[in-house]
Each structure stands twice: as structure tokens, then as C-alpha cells.
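Okay, here's what each chain looks like letter by letter:
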Amino acid sequence: MNKGVESVEIHYRLGIDIGGTFTDAIVTDGQGQIVAALKIPSIADAPEQAIFQALDQLQSKGVDTRKIELFVHGTTLGVNTLIERSGAVTGLLVTRGFRDVLEIRRLRLENTTNLYGDKTLPLVPRQLVKEIDERQLADGRVLTPLDPQQLLQAVDELMQEGVTALAISFLHSYANAGHEQLAEQLIRERYPQLFICRSSAIWPQQREFERTLAAVMNAYVGERMGSYFKRLQEGIGPYGVSATLLSTMSNGGMMTAARAASEPVRTLLSGPASGVIGATFIAEQAGINQVVTFDMGGTSVDVALIDKEPAYSTENQVGDFPVIIPAVDVTAIGAGGGSIAWVDSVGVLKVGPRSAGAKPGPACYNRGGKQATTTDAYLYLGILQADRFLGGQMQLFPELAEQALTILGDQLGLTAKQTAQAILDVATANMYAQFSPLMARKGVDPRDFTLLAYGGAGPMHAFLMAREVGIRRVLIPPSPGTLCALGCTVANLRNDFVFTLHKRSRGLDAEELQTHFFSLEQQGRRWIEDEAKGGVTLGGTYVIYSADMRYEGQAFDLEVILSDSDISDPKEAEIKFHRKYESVFGISQPEAEVMFVNLRASIVGLLPSKIRAASPQVAGSGKPVETRGITFDGLDYQAKVLNREHLNADTRISGPAILEEYDTTVFVPPGYTIHGDANGNIIGEADL
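Residues numbered from 1 in each chain as written. Predicted model: local features only at pLDDT ≥ 70, side-chain atom pairs only at ≥ 80, totals over all residues. Heavy atoms only, no water.

Novice: So what exactly am I meant to see when it comes to the overall build of the protein here?
Specialist: Of regular secondary structure, the protein possesses 16 helices and 35 strands. For the protein, the C-alpha radius of gyration of 26 Å lies close to 26 Å, the compact-globule estimate for 688 residues. Overall, the protein is about 80 × 75 × 60 Å in size when its C-alpha atoms are taken along their principal axes. Burial status across the protein gives 56% buried among its 688 residues. Long-range pairs, those at least 24 residues apart, make up 68% of the contacts in the protein with a sequence separation of at least 6. Accessible surface for the protein amounts to roughly 28,800 Å². Of this, 49% is attributable to carbon and sulfur atoms. Computed over 61 positive and 80 negative side-chain charges, the separation of the two mean positions in the protein equals 0 Å. (Helix = DSSP H or I, 4+ residues; strand = E, 2+ residues; numbered from the N terminus. Rg over C-alpha atoms; globule rule 2.2 N^0.38 Å. Buried < 20%, exposed > 50% of the residue type's maximum accessible area, 1.4 Å probe, protein only. Contact = heavy atoms within 4.5 Å. Areas by Shrake-Rupley, 256 points an atom, 1.4 Å probe, with all protein chains shown as cover. Lys, Arg positive; Asp, Glu negative; His and termini not counted. Charge placed at Lys NZ, Arg CZ, Asp CG, Glu CD.)

Novice: I would appreciate a short explanation of the sheet that holds strand β32 (residues 657-660) in the present structure.
Specialist: Across the sheet, which stays open at both edges, the 4 strands sit in the order β29-β30-β32-β33 with mixed pairing between neighbours. Either end of the sheet is taken by a strand with one partner, and the two such strands are β29 (626-632) and β33 (665-668). Geometrically, the sheet is characterised by an average inter-axis angle of 30° between neighbouring strands, direction not taken into account. Where β32 lies against β33, 4 bridges are found, and the strand directions are antiparallel. What sits directly across from I658, in β33, is F667. Helix-sheet contacts for helix α13 (residues 458-469) involve β29 and β33, and the interaxial angle to β33 is about 30°. (Pairing = 2+ DSSP bridges. Axes fitted to C-alpha atoms, helices over the stretch in contact; angles between N-to-C directions.)

Novice: Mind showing me how you'd approach helix α9 (residues 270-286) here?
Specialist: Because the α-helix completes a turn every 3.6 residues, residues three or four places apart line up on one side. Taking 1.5 Å of rise per residue, 17 residues should cover 24 Å, and α9 covers 24 Å from first to last C-alpha, within 8% of that figure. G287 lies just past α9 and shows a positive phi near 75°. (Expected span 1.5 Å × (residues − 1).)

Novice: Can you help me understand unusual backbone geometry in this one?
Specialist: Of note, the amide linkage connecting G352 to P353 takes the cis form, showing an omega dihedral of 5°. Mapped onto the secondary structure, P353 falls in strand β22 (residues 349-355). Cis geometry is adopted by the peptide bond preceding P656, which originates at G655 and carries an omega value of 5°. Mapped onto the fold, P656 is located in the loop between β31 (653-654) and β32. Residue R207 is not a glycine yet carries a positive backbone phi of 120°. Within the secondary structure layout, R207 lies in the loop between α6 (199-202) and α7 (208-235). Looking at R207, the relative accessible area reads 25%, which means it is partly exposed. A positive phi is found at K308, a non-glycine position, where the angle reads about 70°. Relative to the helices and strands, K308 is located in the loop between β14 (300-307) and β15 (309-310). Taking the relative accessible area as the measure of exposure, K308 reaches 57% and is therefore exposed.

Novice: Teacher, can you tell me more about the packing of helix α1 (residues 47-60) against α7 here?
Specialist: Two packed helices can be described by the angle between their axes and the distance between those axes. For the pair α1 and α7, interaxial distance at closest approach is 9 Å and the crossing angle is 20°. Considered as vectors, α1 and α7 are oriented roughly parallel to each other. Note that α1 runs across α7; the crossing there is right-handed. Facing P47, E48, I51 and F52 of α1, the residues of α7 in contact are Y228, R231, L232 and G235. Here the residues of the contact of α1 with α7 sort into 5 nonpolar, 1 polar and 2 charged. (Parallel < 35°, antiparallel > 145°, perpendicular 65-115°, else oblique. Left-handed = near helix turned anticlockwise from the far one by under 90°. Nonpolar A, V, L, I, M, F, W, Y, C, P; charged D, E, K, R; others polar.)

Novice: Looking at this structure, I do not really get the sheet that holds strand β10 (residues 195-198). What am I missing?
Specialist: The pairing of strands in a sheet happens through backbone hydrogen bonds and is either parallel or antiparallel. An order of β6-β5-β9-β10 is seen for the 4 strands of this open sheet, with the pairing classed as parallel. The sheet terminates laterally at β6 (129-132) and β10, the two strands that pair on one side only. Taking the axes of each pair of neighbouring strands and ignoring which way they run, one obtains an average angle of 20° across the sheet. Note: strand β5 (residues 90-95) against strand β9 (residues 165-169), 5 bridges, orientation parallel. Within β9, the position partnered with L93 by the bridge is I168. Along the sheet face, helix α4 (residues 148-160) touches β5, β6 and β9 and points at about 170° away from the line of β6.

Novice: How should I be thinking about the packing of aromatic side chains in this particular structure?
Specialist: The description of an aromatic ring pair rests on the distance of the ring centres and on the angle between the ring planes. Scanning all chains against the criterion turns up 11 aromatic pairs. Pairing Y551 with F577 gives two aromatic rings, centres 4.9 Å apart and planes at 70°, and the pair type is edge-to-face. Separated by 26 residues along the polypeptide, Y551 in strand β26 (residues 540-551) and F577 in helix α16 (residues 570-585) bring together distant segments of the chain. A relative accessible area of 0% means that F577 is categorised as buried. Plain terms: the ring middles of Y551 and Y581 are 4.8 Å apart, the flat faces sit at 70° to each other, and that makes the pair edge-to-face. (Phe/Tyr/Trp six-rings, centres within 6.5 Å; stacked < 30°, edge-to-face > 60°.)

Here you go:
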């Protein structure tokens, strides 16, 4: 070592996103540069094994895993457990008279034009729901005290039925959690190993069905999530990883894995949320405020709106179930790269929703899959190169794709190439059919937005989608196939807290409103302190206040963001509500009584020194390394082929063009021109 040269110890941030097809990993160094990006086939039965494989590969690439200072990961284990209904045998304790709360739901038909639709089966069968003699009023006063003897007898009966997880949801426990707390204490004394959760601890908001369902979902997936986190924590020990294991949340924040194991319902939409947080970070760096995210993986296509900040929602859906807990507003609009193409009973070509996953995978993977997928179509049309998939680490087999496409084409009376193009057309049409009304409901014109594409298949399909909906600009970030993993490394600690007030503005004084918000803020700051004890260093905290408000007599709310001055003055909050109501519906009623339904506070703990996603510029010529014959829209082209890293800001490339990189392939069809920018992004614009 040269004298006088001080060595700088490099510390790393590791982000992991476990998807249905691939597990993505990304590592950044102390300067914020991406030093490694990996895609490992997911292992459904043991998702932690893919993480261990990623750590093995990182070590082989020279990454010292002992120097990982931040380890954040998101997983689809919770949501898959719900969708597959493979969770714990769960019992439910309710107030007497409310045994059918999960059966009755909201008495709404999923499809109002189909009177013969199947009824959604609850996660807890009716025989495992026990009624308890206790009753509290809406203002929190106790009408009927809890009967401890009857409670324990009911739990004994549930245990004899094989219950391994228990949810407690008593009427009006959002106003007074006393009965639920006492019940939990008594049950834990008798059954200390039983996984127990109470609705007042998970989400104490008025709306009995949604609050009960949140507690039930938490109990249903909790045992499996806890076991997974335990295996993961034990497994990373031999790699010398001492960083606190963190998990992303549906709201785009993160929390310790220990907390996620006890409150897994907050992680159900963590994967898509991480992608939106990563996209927000990329858009901010690029100086673009209005973005539609386009996340196309192996299983699905998700979109979200970013107008400087991501949109949030309390009306999300996971499988058959509504989720009331706030989450980044992400909507699934189509099928992914591994989605299977098939012909229905009347001879119409369909794509998805069933996916080939990582195993057996598309036919071209040569892992046993026999049915044609979107990936097979791209390979056979020449857009994918068989020996360059995943940077050449995974060989694809065009002859197997051709076999699958030929078999499918025979049912349609089409050649293999015509079938491949038809698959892309149908997939795009499916996305358009759901995308357009979604944008209309949100009141935005997609032509004003930039399409930011990521996921393993997103950059390959993004320009097709943009062309269909009229979006003129497309942005492809660095390492787009692992952007969800990148989002894990730029997320902050964040949690949401709610208090149901349900009070008219005329009967609400400023001191009462401020007191309730202060209580929520204190809950949040205690939560931040507890999470930071796990070894997370924060650069600061802030609180976001809001209220769900409505005109008296209405049945729906608008969430209104409030400033520090608003939370101490109900009149100022009312004025903001009137303005938002008019912006959404075109009218307002300033003379009408306003209801404060729920008060909310979101606490955010900032991680210091966020990374830069910019990739170092390579002094490349920007010229194609080769041309490749492809077929697209029924025509044959000679497409320009480049390595992604050789695209520079000074060179403009017109489609058709293909840019290849480790984690994805970017396909630029005719009619678009691309160039690089200083942050390592690809910017594509429609030709005039």
C-alpha cells in the first residue's frame, strides 16, 4: 500500500425483492453506485433459499457480505399465502351477535350484473368463530363486561379444533381496546405459544368488517411469515451479515423483520410498493414530476401514478379481500412475461392470468413448461436473444418456443409467427382495456405523463403500451429488472396511525382536534424509537397529518392532507375539504355540515444519505454492435442491437432497436427514438 493513502472501508446496502418468478437483489456502495444486480429464480416452497443463493453470488463477485450495513427486503409470501389460502388454521373471537361478520361482509356483489356469482369464502370457517359475552358502546363505554371464564372455554374449544392462530375483534374496540387487551392477556397466560392478534392493535378504525378482516388476515399469515423470517435470520448468519433485517411495507416504508413477523398484514403489498418508491426516486433524479409506473414482471403488470409523490389508498384489494390499511395505490392491469396464452371455449385467444412462474416456466426455459407464454413470443420474433438471457447465464431454447406456439397456432389457424404477434397484441389490448378507464377514474390524461418502465419484462413491452395509449415519452431506469429491490434500499421507516372521531365540525373545538392529533403523533414517535433500537440510524423524522372528511349524510370520505396550523383549527381544515371536494367533483357546499370521520398521522423516519441510482457513463461509441432480423407487426426488420452500457447522452437511436443488459431487454419499435441521460436512464420519445 502506498504511504499517505488512506484506505476507505466500503459499506453496502442490500435490497431484495422476492417475486413470483424471480428474486431480485441489488447492492450499492457508500457512494451510491450500483455494484451488483442479480436475478435468481424464486423458490416458492422456501423463498429464503433464493436469498442465500444471491448472497453466494455476491461473495463470488467480491462483495464482502460482512460489510452490509442495511439489509431491506420485500416478499410476496404473505399475499401468496392469502391468495393460495395456505395459511394457519385460524380462530376468531367476536362479540355475541356478530358471528357472521366475515360471511355478511358489505353485502356487495363483486359483479353487479352477475346474480349467480360465487360467494367469497371467509378465511375463518363459521365453526371456528366463537361469540363472547361482552359489549362496548360506540363511545367506548362498557355495556357488558367481558366474561373471562366463557372466553377461556371458547379458546379451549378452538384449540381442540386444531387452531394455531387466533384473531380477536370485539365491537367498538377502536374506541376502547380494554376488552381485547384483557382477552389477549388471559389467553396468553394459558396458551403462550399461540399466535394472537387483536384488531385494536392491528388497525383501530371504525368499520367492523374491514377491521375484523385485517386482524384475521394478520393471524392467518402470521405463523408462516414468522417461520420464514426465523429461517432467513438464521441463514444469513454464516454470511456474516450483522445488519438488522428489515422488511418493506405496503405503504412504501419499512420496519424491522421482527415487527413484520407480528404484523405481516402491513407487508401484503410491499413488493409493488417498493417498486413505486424506487420509481419515485428515479423520477425525482431525472427532474420528471408526472409519471405512470409500468411494472411488468413474470406474473403480472402493475401501474401507479406519481405526481411528485406516490398516491396512497385505503381501498386496496388482495385476492378476494379488501385491505383497509393504507398502501401505495398500485393497480394490476394485465399479465406478465410468464403468463400463459390459451384459447377459450369459443376459439378466442387469451393471455393470462395464469402464469408459468419460474418452474416450469415458459416453454423456452426447458424446465418442463409446454404452453406458450409472452416470453416465448418475444424469443421467437427475435426480440430476445437465446444465448444472452440474464447476461448469458440462462440459455433459452427457440425450438421449444416454436413448438408451443405452433400447437397454439393450430387451434387458431395461424402460423407460429402470427401466433407470437397475436400474443403480444392481446396482452397489450388487455392492458389498454384496464388502463384507460383507470386513468379516467383518477382524472388524468396519460399523454401528460411519462411512462417509467421496470420489471424483468417492463422495458420490453413499455413502448408497445405507450404507443397504444398515446404516451409520448418513456423512461427506462438503470437496472430496471431490479428496481423493486432498489426501492427497498431508498425507502424510509414509515408507519400509519388512525383514530376514529366521527364528529360534526360544529361540535368540535380546536383543542380537542389538536389533542387527538398529538396522541397519534406520540404513538408514531414511540414506534419510530422502538424500530430504531434494532440498529437503524435515522437522519430525522417528520409527521404527515390528514383527516377523512365528508358532508353530513354522505357515505364516502375524502382524505384531506392537513398542515400544522390546520390540525389546531377545524375551520381551516373545513376550508381545505371544500376545496378538495370541488376539485374532485366540480362542486362544493360550503354551507353544509362537515363530518370529521377519521384522523390520521403518518410518521416517517428518514434514512441518511440516500443513494444515487446513476450508473457511471461508459465511453462507448453509441453505435450498434450488430443488427438482428426480427418480425414485428407482421413485418420483417433489421433491428439495431446495442449493449445498454454503451448508450450515451450524445447519441440518438431510432427504432426498431434492441438494447441488451443483464436483467432485461429494451425493445424500441419503429416510431420512437431513444437517447441516454446523465443519470444512466434511457429516454424514449415518439417521433413527430
